[in-house]
Amino acid sequence: ICVPLIPHLLNRFFGQLCVQGSALQVLEQIQQPVVVVAVVGLYRTGKSYLMNRLAGKQTGFALGSTIESKTKGIWMWCVPHPTKAATTLVLLDTEGLGDVDKGDSKHDTRIFSLAVLLSSTLVLNSRGTIDNRAIEELQYVTELTEYIKIKSPDEAVDDAEFVKFFPSFIWAVRDFTLQLNIDGKDTTEDEYLEFALKLKLGNSSQVNNYNLPRECIRKYFPSRKCFTFPFPTNPDNVSYLETLDPAEISKRFLEVTGRFCQFIFDQSQVKNLKDGHTVTGRVLGHLVKTYVDTIASGAVPCLENAVISMALIENEAAVKEGLEVYQSGMEELKKSFPLELNEITSEHQCFSLMATQTFMKRSFRDSDGKHLEAIIHQFDSYLWDNEKASEAKCESLLSVLSEPMTERTNQGFYATAGGYDLFCQDLEDIVNQYNTLAYQEVKVLEKFLQQKVAVTTAILQADDKLTENERRICEERERAVLLEQEMKAQEQRQRQLEEKMVIEEQNNEERVRQVIQKMEEEMFVQQQETKRAMDSKLREQAALMGKGFQENANKMASEIEQLRRRNKEVEDSKSRELAKMIADQERRNAQSMEVLRQQHRQQMAAINSRPRPASRSCSVQ
């Protein structure tokens, strides 16, 4: 679907950018990484045709057939990437630069800056040749440092850093009629571009003005490529290019168009944020909103601030997604409650790790590592629910098993000589059946026997067959039974706590492992980002030295050294951040485990402080 991403509202006094809600909705649905290709250039130069070809369609982006600029603002088209699996190709067609109807001299630079900020490949479309006039019309490049900041405006950063974060640069020259020949030698399109971007020696204002846009292109963009397109067809048919039969279009033009599209498909990289986080469609939507809102407020878009803003949004959403994964699994499991502790802890471990993986997949710059602490508390809640379900089931079972004995008690069946032995036998049968059928819920049995103390005592006292001494012995045995059941219940809770400690220790180790892996992946992408910038600057330095621009080469050497130093500082900072994150995670893990160990010690002390029963009653076997 081709939709306006950033339409602009114009009147006689001002132009204002805003974000189209329908475009954000489209991006919100794209969970895949995106390759973003933006095309910029003077109006009425055929930008939309190239974007339609990249989309693999004849039509889509509006093509104009009059002198009026057809595209307003920035239009977006999202299609599956032709050569990269599980990737979306996002095409941005910008309104033509230099449209006399805009009435706002800064509007073009804002559009150009947004194209640079949002894209991973920037296509500059022009007509004729790459001559001095064409380059002078590209004054927007020289103004980029005023419209884009890497860090907050009050923090000075050399514009040499731009090459780390700017897109690749492609110059598409339309209606090119010259021979690719320099000094009598055949040359390639790329050599033609480098020739056009060649600097002049000297320090006069005229030379500086000549060199400035060329220096900016060479300095800001990490790679450059050129394509020269011949006339596509008879001049009378150019306005109807999208409706022409391919047979009416120049084979040479179609051949260059094919090479252009294939190069972009093969070479354009997935869009990354500063610090190396891969941009999905959803993240791209957030970026658009952040940058446009910043421009609308009168401020300058800042890459660092955008990353911080994205981290807050994405990490909050990542926590929510992770918890939803955990809750979804546990809520389904809850339908089967009650379960044995080893079953529920095993499932908890599985869903907890799935939740962590879900969080890690979406999050970035998670400096505090507190993302899934809520899972531990939720696990306690599910354990409580499972325990209550187990208790309810066991209480229901005991109620059914003891119903005949209750009826006999109410009927006075045990209120006879020898009734105590009969009662003990019936109670023993109930306990044996319970132990066979129940979920080892000792606590419920303990509670049941406690409830029978008054009945047992009354029957014992009423049994005329027993002597007073025998009654005292039976009372001691009953107390021993209750004590033994209480100890069994405590020991069961102890085993459950120990199982929980083992599972949490394993989960903690896995969470730390995933945190380390995530940080290492981000550091690797940052290193690749820096390497790309360093390679670009080293090429420029070699080219400058080869052309005799020693002063410029020396300046470039200084920039390279600064880039190395800053990269070392970033790597050291990341290493410290990783060490702190791991230490914080391990500290929180240790605190969590210490709480469990404290409970363990208290339960052990309670078990050890109780006297062991000397004998067993007939009530429990």
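Residues numbered from 1 in each chain as written. Predicted model: local features only at pLDDT ≥ 70, side-chain atom pairs only at ≥ 80, totals over all residues. Heavy atoms only, no water.

1. Here we look at the overall build of the protein chain
Helix and strand counts for the protein chain stand at 19 helices and eleven strands. Evaluated residue by residue, the protein chain yields a buried proportion of 50% over its 621 residues. Long-range pairs, those at least 24 residues apart, make up 75% of the contacts in the protein chain between residues at least 6 apart in sequence. For the protein chain, the computed accessible surface area is about 29700 Å², with 51% contributed by carbon and sulfur atoms. (Helix = DSSP H or I, 4+ residues; strand = E, 2+ residues; numbered from the N terminus. Buried < 20%, exposed > 50% of the residue type's maximum accessible area, 1.4 Å probe, protein only. Contact = heavy atoms within 4.5 Å. Areas by Shrake-Rupley, 256 points an atom, 1.4 Å probe, with all protein chains shown as cover.)

2. Notes on the packing of aromatic side chains
Considering all chains together, one arrives at 16 aromatic pairs under this definition. Linked through ring pairs, Y49, F227, F229, F253, F260 and F263 together constitute an aromatic cluster. For the cation-ring pair, R53 lies above Y49, with the distance from its terminal atom to the ring centre recorded as 4.5 Å. Taking the ring centre of F229 as reference, the NZ or CZ of R174 above it sits at 5.6 Å. (Phe/Tyr/Trp six-rings, centres within 6.5 Å; stacked < 30°, edge-to-face > 60°. Lys NZ or Arg CZ within 6 Å of the ring centre and 35° of its normal.)

3. Observations regarding the side chain of T228
Looking at the element boundaries, T228 is found in strand β11 (residues 224–228). On the accessibility criterion, T228 (3% relative accessible area) is buried.

4. What about a negative patch on the surface?
A surface patch of like charges, here negative, comprises E340, E343, E498 and E499. Take E498: it is sitting in helix α18 (residues 468–546). For E498, a relative accessible area of 34% gives the class partly exposed. (Patch = residues over 30% accessible without salt bridge, like charges linked within 9 Å, V, L, I, M, F, W, Y side chains within 5 Å. Salt bridge = Lys/Arg side-chain N within 4 Å of Asp/Glu carboxyl O. Lys, Arg positive; Asp, Glu negative; His and termini not counted. Charge placed at Lys NZ, Arg CZ, Asp CG, Glu CD.)

5. Thoughts on the nonpolar core
Core analysis: the biggest nonpolar cluster contains 66 residues, and L5, F112 and W171 have the highest contact counts within it. Among residues more than four places away in sequence, those in contact with W171 are L124, S126, I130, A134, I135, L138, L193, I217, K225, C226 and F227. Ranked by size, the runner-up nonpolar core spans 24 residues in total, among them Y49, L50, V79 and F260. (Core = buried A, V, L, I, M, F, W, Y, C linked by side-chain atoms within 4.5 Å.)

6. Let's talk about the pairing of strand β5 (residues 74–80)
Side-chain direction in a regular strand flips from residue to residue, so the side chains alternate between the two faces of the sheet. In terms of residue burial, β5 counts as a mostly covered element, since five of its seven residues are buried. The pairing of β5 with strand β6 (residues 88–94) spans seven bridges and is antiparallel. Within the sheet, the bridge partner assigned to I74 lies in β6 and is T94. (Pairing = 2+ DSSP bridges.)

7. Describing helix α17 (residues 453–462)
What sets the pattern is the α-helix's 3.6 residues per turn: residues three or four places apart point alike. Among the residues of α17, T456, I459 and L460 are the ones counted as buried. Projection of α17 onto a plane perpendicular to its axis shows the buried side chains occupying an angular sector of 100°, all on one side. Looking at the buried side of α17, the elements it contacts are α15 (419–437) and α18. (Arc of directions from axis to C-beta.)

8. Thoughts on helix α3 (residues 107–118)
Look at α3: 17 Å from first C-alpha to last across twelve residues, which is about the 16 Å you get at 1.5 Å a residue. Most of α3 is tucked away: twelve of the twelve residues are buried. Among the residues making up α3, those that are buried are H107, D108, T109, R110, I111, F112, S113, L114, A115, V116, L117 and L118. (Expected span 1.5 Å × (residues − 1).)

9. Let's talk about the pattern of salt bridges
A side chain of one charge can pair with a side chain of the opposite charge if their charged atoms are brought near each other. According to the stated counting rule, one finds 20 salt bridges in the structure shown. Between E314 and R362 there is a salt bridge, with the nearest N and O atoms lying 3.0 Å from each other. Here the residue E314 occupies a position in helix α12 (residues 303–334), and R362 occupies one in helix α13 (residues 341–362), the gap between them amounting to 48 residues. In this pair, the class of E314 matches that of R362, namely buried. Of the charged contacts, one joins D385 and K334 as a salt bridge, the two residues approaching to 3.2 Å between their closest N and O atoms. Taken together, the residues span a long stretch of sequence, with D385 in helix α14 (residues 373–410) and K334 in helix α12 at a distance of 51 residues. For K334, a relative accessible area of 32% gives the class partly exposed. Through salt bridges that share partners, E189, R252, E255 and R259 make up one connected network.

10. Some words on the environment of V79
Tracing the sequence through the fold places V79 in strand β5. Residue classification places V79 among the buried positions, given a relative accessible area of 11%. For the pair formed by V79 and G56, sequence separation is 23 residues and the distance between their alpha carbons is 9.0 Å. In this structure, V79 is in contact with A55, T88 and L89, ignoring residues within four places of it in sequence.

11. Brief notes about the packing of α17 against α18
Viewed as axis vectors pointing N to C, α17 and α18 meet at an angle of 165°, and their least axial separation amounts to 11 Å. The orientation of α17 with respect to α18, classified from their angle, is roughly antiparallel. Remark: the crossing between α17 and α18 carries right-handed chirality. Where α17 approaches α18, its residues V453, T456, L460 and Q461 are matched on the opposing element by R471, C474, E475, E478 and L482. Classifying every residue of the contact of α17 with α18 by side-chain character gives four nonpolar, two polar and three charged. (Axes fitted to C-alpha atoms, helices over the stretch in contact; angles between N-to-C directions. Parallel < 35°, antiparallel > 145°, perpendicular 65-115°, else oblique. Left-handed = near helix turned anticlockwise from the far one by under 90°. Nonpolar A, V, L, I, M, F, W, Y, C, P; charged D, E, K, R; others polar.)

12. Some points on the confidence of the model for the protein chain
With 84% of its residues at a pLDDT of at least 70, the protein chain reaches an overall mean of 81. No element of the protein chain has a lower mean pLDDT than strand β2 (residues 8–10), at 44, and none a higher one than β11, at 96. Taken as a whole, residues 9–14 scores under 50 in pLDDT and shows six contacts with residues more than four places along the chain or in a different chain. Low pLDDT, under 50, characterises residues 62–70; the stretch is placed with 21 contacts to residues that sit more than four places away or in other chains. (pLDDT = per-residue confidence, 0-100.)

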